[in-house]
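Examination of the molecular architecture
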Amino acid sequence: MGKYRPTIGMEVHVELATKSKMFCGCKNGMGQEKSPNKNICPVCTGQPGAIPVPNAQAIEFTIQAGLALDCHIAKESKFDRKNYFYPDLPKGYQISQFDKPICSRGSLKFTLKSDDGTVVGTEKVGITRIHLEEDTGKLVHEGKNTLVDFNRACVPLMELVTDPDINSAAEAKRFCEDLRLLFRYLGISPADMEKGQMRCEANISLYEVGKDPLSGTKVELKNLNSFRAVERGIEYEIERQTEVLTSGGVVHQETRGWDEKKGRTFLQRSKEDAHDYRYFPEPDIAPFKLEESYVELLREKLPELPTEKRNRFVEQFGLKLENASILVVNKELAEYFENVASELENWMKEEGHSFNEEDTKKLFRLAANYILTELSRRISDTEGGMKDFKISAENFAELIKIVYEGEINSSAAQTVLGVMFETGADPSHVVEEKGLAQTSDEGELGDIIEKIITDNSGPTEDYKNGKENAIKFLVGQVMAATKGSANPQVVKKVLMEKLS
Ligand SMILES: [Zn+2]
């Protein structure tokens, strides 16, 4: 480790998936409309005399995000005008929030993992504030001409600012990933970075070890359009600033952009041309109160959040923390696992004989493993992903059950799963049709086992003389003789009986 350490804060913008836009009744197409200027009206194109009316759903979504992030929710809030000129901003100002954001002083706790997926610790990043504003339009450059599309103008945009609590590029990436997962669980935005629905910026400064972590000069980094860009961009900037400082230079306060192709940051704006936005209260929208009873109602409506779900999977189903963490990242897959688990629970109840805790855990873990490996691989190889998924939770649970009971071995299970994935078929039918069932009939296996014992007098003697490992060889011979269709547990049992 060198002489300098980074201090990083994030600014994240998220488009909210409301039905209509932030201040008018136009459809909110989340910037995905095919034809330009389709969802527009006098309000979102800034016509004189048009009056903005705030979107209650957007305010609700912002409060829910704040509650999920342990924020303080303001009792009173208001909108302000942020004045600047840009061709994609029809009013000449953006309606935003300045001194009274809806949420403040929260935090996000997230897990840090090493490259192989093992959890190495937890980190807590403070949330300074979350406020609500409107998105801008888009400029489209065509040859020599520049066109403007106002479909995106006035789409609700939530801005979240963190405390400077982040200490590495990897942590920043992890924070953004967990934040997106949270937004998806809340159902307030798909937060797809590639579609511009979630945009991340980082403030990066370096300080000398032993000094105040906030003593460095802040550089703002923009154009981070993917999680990978967040990590690479910040890494590059830390290296760049380290080099400047190490060679006796000065880091300037400036805004830099990330060039994904060239893999470097470049100067966009220096401090001298920083904007003075001359914020003032939006005169067309009255300040509003957020009653405690209303906020409490929204708190009750919060769904189970990713961290809670992960911990519950560990506790309720005995899953390993790593597996639970991976499952939770895919909300649909996590739901599927729960449905399968509940089918397995029903089956255990019906079976009558009591499953002890260990057996139960084994069964759930087996289901999770199959979902995370065999199933996930097949799903990610398919174009439609989960959309075209055909296996019902009931049928999948049935497959887990027959694997657990040793009716089929693991290679047969792969074949069965393959057919199920294609057709959605019932696993028992597939096993029967393809003749994949393991032979567990002791009488049927008895003759083959007798023959193996006679043919292998050496290992047989070894076993009788106390070399317990020799039984493995004999089991292997029976398995080969039956082309893998014998149930190895039964074979072992019969062998031991015959040799005792
Ligand atoms: Zn409109």
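To keep things clear, this report deals only with the structure shown in the data block. The structure displayed is predicted, hence computed values, not measured ones.

Definitions and limits used
Residues numbered from 1 in each chain as written. Predicted model: local features only at pLDDT ≥ 70, side-chain atom pairs only at ≥ 80, totals over all residues. Heavy atoms only, no water. Pairing = 2+ DSSP bridges. Helix = DSSP H or I, 4+ residues; strand = E, 2+ residues; numbered from the N terminus. Donors = N, O, S within 2.8 Å, 3.2 Å for Na, K, Ca; no water. Tetrahedral: all angles 85-135°; square planar, octahedral: opposite > 155°, others 65-115°. Buried < 20%, exposed > 50% of the residue type's maximum accessible area, 1.4 Å probe, protein only. Phe/Tyr/Trp six-rings, centres within 6.5 Å; stacked < 30°, edge-to-face > 60°. Lys NZ or Arg CZ within 6 Å of the ring centre and 35° of its normal.

**Some remarks on the sheet that holds strand β5 (residues 93-96)**
Taken in spatial order, the three strands make up an open sheet running β5-β4-β15, and their pairing is antiparallel. The outermost strands of the open sheet, each flanked by one partner alone, are β5 and β15 (280-281). The sheet contact formed by strand β4 (residues 80-83) and β15 spans two bridges and is antiparallel. From the neighbouring strand, aspartate 80 faces β15, where its bridge partner is proline 281.

**Side note on the coordination of the zinc ion**
Coordination of the zinc ion by the protein involves Cys24 (SG), Cys26 (SG), Cys41 (SG) and Cys44 (SG), with metal-donor separations of 2.3 to 2.4 Å. Coordination at the zinc ion comes from four donor atoms whose angles at the metal span 100 to 114 degrees, giving a geometry best classed as tetrahedral. Mapped onto the sequence, the donors of the zinc ion take the spacing C-x1-C-x14-C-x2-C. Taken as a pair, cysteine 26 in the loop between β1 (4-15) and α1 (56-68) and cysteine 44 in the loop between β1 and α1 lie far apart in primary sequence, 18 residues in all. For cysteine 26, a relative accessible area of 10% gives the class buried.

**Some points on the packing of aromatic side chains**
Taken as a whole, this structure holds 13 aromatic pairs when the rule is applied. Residues phenylalanine 79 and phenylalanine 288 carry aromatic rings whose centres are separated by 5.6 Å and whose planes lie at 35 degrees to one another, so their mutual orientation is tilted. Taken as a pair, phenylalanine 79 in the loop between β3 (76-77) and β4 and phenylalanine 288 in strand β16 (residues 288-289) lie far apart in primary sequence, 209 residues in all. Summarising the aromatic geometry, the rings of tyrosine 336 and phenylalanine 389 are spaced 5.0 Å apart at their centres and angled 85 degrees between planes, so their arrangement reads as edge-to-face. One end of the pair, tyrosine 336, is in helix α7 (residues 331-351); the other, phenylalanine 389, is in the loop between α8 (357-381) and α9 (393-404), with 53 residues separating them in the sequence. This pair shows no difference in class: tyrosine 336 is buried, exactly as phenylalanine 389 is. Ring pairing ties together the aromatic residues Tyr84, Phe98, Tyr277 and Tyr279, which thus form one cluster. In this arrangement the basic side chain of lysine 82 is found over the ring face of tyrosine 277, its NZ or CZ atom lying 4.5 Å from the centre. Directly above the ring of tyrosine 185 sits lysine 331, whose terminal nitrogen or CZ lies 5.7 Å from the centroid.

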